[in-house]
Every structure is written in structure tokens, then in C-alpha cells.
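Here are the chains, one letter per residue:
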Amino acid sequence: VAVRAAFAQGAGAAGESALVWREGFKAQVSIVSPAAGRFTQAVIDGRSLDDALDHANESAGADFSFEAWLLAALQQGWLVAAEPISTPPTRREFP
């Protein structure tokens with residue numbers, strides 16, 4: 001019931017981007033900027049770093065800071081691995 005009330009209260013409002021992860025068995029959540037949300041989703045979708053950065057900064061006024069995102073990713077354990085690309089990346093179109 002409380003969830004429905006919250007949805008009803010926010011009807012018509014713009015949504016927020018959030019990053020959710022686990023520390024052990026405890027769920028953690030952090031509100032992130034729309035640009036950081038776009039970047040994170042692009043990385044999850046398997047895009048290259050270059051494509052993900054472009055995607056993060058697509059909209060006017062994008063406020064994405066890769067340095068801040070990387071620092072948080074390392075501190076919170078979001079980053080599992082980084083792998084070099086052995087061949088030059090090809091530009092792929094993503095929806």
C-alpha cells in the first residue's frame with residue numbers, strides 16, 4: 001500500500017536514476033545523475049568505454065564525471081574487472 005501511495009504521489013514527475021548493489025547480504029542504493037545512470041547502463045550493456053562516455057554525455061547539460069564515477073566504483077566494489085581491447089573497436093549502433 002505504501003508503494004502505491006508513493007507512485008501516486010509521484011505521478012507525472014520525472015524519475016530519478018539509482019544504482020543498486022549488494023554488500024554481502026545487504027542492499028545498497030545510491031541516487032546518481034541522469035548522465036551517470038546512462039553511463040552505467042551503457043557499461044552494463046557491454047558498450048566500450050568510449051561509447052559509454054558518449055552515451056553519458058548525449059543530452060545537453062550532461063554533468064557526468066568519469067573520475068568521480070570511477071572513484072565511487074572502486075570504493076564501493078562496483079567494478080569487477082577491466083579488460084583491454086585487443087583489436088580496434090568497431091562502431092556499433094545501440095538502441
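For the structure itself, look to the data block above.
Residues numbered from 1 in each chain as written. Predicted model: local features only at pLDDT ≥ 70, side-chain atom pairs only at ≥ 80, totals over all residues. Heavy atoms only, no water.

Trainee: What exactly am I supposed to notice about the overall build of the protein chain here?
Mentor: The secondary structure content of the protein chain amounts to 4 helices and 2 strands. For the protein chain, the N- to C-terminal ordering of α and β elements is α-β-β-α-α-α. Among the 95 residues that make up the protein chain, the fraction classed as buried is 22%. Partitioning the contacts of the protein chain with sequence separation of at least 6, the portion at a separation of at least 24 is 34%. Of the roughly 7,500 Å² of accessible surface on the protein chain, 58% is carried by carbon and sulfur atoms. (Helix = DSSP H or I, 4+ residues; strand = E, 2+ residues; numbered from the N terminus. Buried < 20%, exposed > 50% of the residue type's maximum accessible area, 1.4 Å probe, protein only. Contact = heavy atoms within 4.5 Å. Areas by Shrake-Rupley, 256 points an atom, 1.4 Å probe, with all protein chains shown as cover.)

Trainee: Quick question: what am I supposed to make of the pairing of strand β2 (residues 26-32) here?
Mentor: Along any regular strand, the residues point their side chains to alternate faces of the sheet. Here strand β1 (residues 17-23) runs beside β2; their pairing, made up of 7 bridges, is antiparallel. Bridge pairing in β2 places Arg-22 opposite Ala-27. In sequence, β1 turns back onto β2 through a hairpin of 2 residues, with Gly-24 there showing a positive phi of about 65°. (Pairing = 2+ DSSP bridges.)

Trainee: Is there a simple way to think about the nonpolar core in this case?
Mentor: One broad rule of soluble globular proteins: the nonpolar side chains tend to lie buried together. Ranked by internal contacts, the top residues of the largest apolar core, which has 13 residues, are Leu-19, Phe-39, Phe-64, Trp-69 and Trp-78. Sorting the residues of this core by element identifies β1, α2 (34-44), α3 (49-56) and α4 (66-76) as the ones contributing at least two each. If you tally residues by element for this core, the top one is α2, at 4 residues. The contact partners of Trp-78, leaving out residues within four places of it in the chain, are Leu-19, Trp-21, Trp-69, Ala-72 and Ala-73. (Core = buried A, V, L, I, M, F, W, Y, C linked by side-chain atoms within 4.5 Å.)

Trainee: What exactly am I supposed to notice about the packing of aromatic side chains here?
Mentor: How two aromatic rings sit relative to each other is given by the distance of their centres and the angle of their planes. Tallied over the entire structure, the rule returns 6 aromatic pairs. With centroids separated by 5.8 Å and ring planes inclined at 70°, the aromatic side chains of Phe-39 and Phe-66 adopt a geometry described as edge-to-face. Remark: Phe-66 occurs in helix α4 and Phe-39 occurs in helix α2; sequence separation between them is 27 residues. Judged by its relative accessible area of 23%, Phe-66 falls in the partly exposed class. (Phe/Tyr/Trp six-rings, centres within 6.5 Å; stacked < 30°, edge-to-face > 60°.)

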